[in-house]
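So the chains spell out like this:
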Amino acid sequence: MVEELVAAGATLVAAGAVYATAAARVVKQYERGVVFRLGKLRPEVRGPGLTLIVPGVDRLRKVNMQIVTMPVPGQEGITRDNVTVRVDAVVYFKVTSPAEAVVRVEDYRFAVSQMAQTSLRSIIGKSELDDLLADREKLNQGLELMIDSPAVEWGVTIDRVEIKDVSLPETMKRSMARQAEADRERRARVINADAELQASKKLAEAAKEMSEQPAALQLRLLQTVVAVAAEKNSTLVLPFPVELLRFLERAQQSLPAPPAPPAPETPAPETPASQAPASQAPASGPPAPEMKSGQD
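The structure displayed is predicted, hence computed values, not measured ones.

1. Looking at the overall build of the protein chain
- Within the protein chain one finds eight helices and eight strands.
- Going through the 296 residues of the protein chain one by one, you find that 20% of them count as buried.
- Within the protein chain, counting contacts between residues at least 6 apart in sequence, those at least 24 apart form 65% of the total.
- Split by element, the accessible area of the protein chain, about 22,100 Å² in all, is 57% carbon and sulfur.

See below:
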């Protein structure tokens, strides 16, 4: 009798172990369990941890609640301004209602992928090339709304949509490069012209000041000579302003004339006595006889 009871207890324990093994399920922290009992959805959703189901009657399906990163294959399309482009994107979404994600759609991942591709083609056709290249944030928001509208009914929430790359034909790339180069050249010319205008105004002010102080022009000339001589050139070509010559001429005229130096005294030449005039005869000789008339 005791042996029969022990055998029956062992059988019950073994049956219980087999039942527990068949009924036990483990749901991970990032998962939720949806139970179908005889094909009918049970209202409660099993949380993470150990859970039990009825073997052979219940079927547990686990749904991942993590954010899924799904790349959208590149889609070719023609923009509103008739430019052929190829655009690829990435979609971030997560399941918010496990029961609806399992019941309402056969494969929610495949459904979201197809909806993202269709919406991306629609966005390409409605946008211009400049919007695809420069205003991606606005396009991302529009693409997110287009995908999120049907996905809400599937128990899926679109977290974010990003356009990764826009591929252009080579001819369009060259055209855009030429356009950018022309625009940069235009801006460079405008900046250069503005600089010339400002420099001309400053030079006019400097010329006005130099006209009042002519010596400043000479100082400026010397400064230019010093700046050019620092380069150690063998030949120096320096323009000589006419105003400097005029300044030097006026400065020369304004100076007082220096006094003339006295002329050196030269000795008078000696005259011989035989050639001396009568007036210069020596007074020591005898006086000349006077001539008398015959009346005497």
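Continuing now.
2. Examining the environment of P43
- Inspection of the secondary structure puts P43 in strand 3 (residues 40-46).
- With 56 residues separating them along the chain, P43 and A99 place their C-alpha atoms 8.5 Å apart.

3. Some words on the packing of helix 6 (residues 170-212) against helix 7 (residues 214-229)
- Close contact between helix 6 and helix 7 brings their axes to 4 Å; oriented N to C, the two are set at 120°. Residues M210, S211 and E212 of helix 6 lie in contact with helix 7, whose contacting residues are P214, A216, L217 and R220.

4. Describing the side chain of S119
- In this fold, S119 is placed in helix 3 (residues 108-126).
- Overall, the relative accessible area of 2% leaves S119 in the buried class.
- Discounting chain neighbours no more than four positions away, the residues touching S119 are L143, M146 and I147.

5. Topic: the pattern of salt bridges
- Going through the model one piece at a time under the given rule, you end up with nine salt bridges.
- Of the charged contacts in the structure, one is a salt bridge between E44 and R42, with a shortest N-O distance of 3.6 Å.
- Between R80 and E128 there is a salt bridge whose closest N-O contact spans 3.5 Å. With R80 in the loop between strand 6 (68-78) and strand 7 (84-95) and E128 in the loop between helix 3 and helix 4 (129-134), the pair connects residues that are 48 residues apart, well separated along the chain.
- We classify E128 as partly exposed; its relative accessible area is 31%.
- Residues participating in the shared-partner salt-bridge network are D183, R186 and R187.

6. What about the nonpolar core?
- In terms of nonpolar packing, the biggest core is built from 36 residues, with V85, V87, V91, F93, Y108, V156 and I158 touching the most fellow members.
- With seven residues, the top contributor of residues to this core is helix 3.
- Residues in contact with I158, not counting those within four places in the same chain, are V91, Y92, F93, V112, E144, I147, D148 and A151.

7. Quick look at the packing of helix 3 against helix 5 (residues 136-151)
- Relative to each other, helix 3 and helix 5 sit at 140°, their axes nearing to 9 Å. One finds that helix 3 runs oblique with respect to helix 5. The hand of the helix 3/helix 5 crossing is right-handed. When helix 3 is examined against helix 5, the residues M115, A116, S119, L120, S122 and I123 are found in contact with a partner set consisting of L139, G142, L143, M146, I147 and P150.
- Classifying every residue of the contact of helix 3 with helix 5 gives nine nonpolar, three polar and no charged.

What counts as what
Residues numbered from 1 in each chain as written. Predicted model: local features only at pLDDT ≥ 70, side-chain atom pairs only at ≥ 80, totals over all residues. Heavy atoms only, no water. Helix = DSSP H or I, 4+ residues; strand = E, 2+ residues; numbered from the N terminus. Buried < 20%, exposed > 50% of the residue type's maximum accessible area, 1.4 Å probe, protein only. Contact = heavy atoms within 4.5 Å. Areas by Shrake-Rupley, 256 points an atom, 1.4 Å probe, with all protein chains shown as cover. Axes fitted to C-alpha atoms, helices over the stretch in contact; angles between N-to-C directions. Salt bridge = Lys/Arg side-chain N within 4 Å of Asp/Glu carboxyl O. Core = buried A, V, L, I, M, F, W, Y, C linked by side-chain atoms within 4.5 Å. Parallel < 35°, antiparallel > 145°, perpendicular 65-115°, else oblique. Left-handed = near helix turned anticlockwise from the far one by under 90°. Nonpolar A, V, L, I, M, F, W, Y, C, P; charged D, E, K, R; others polar.

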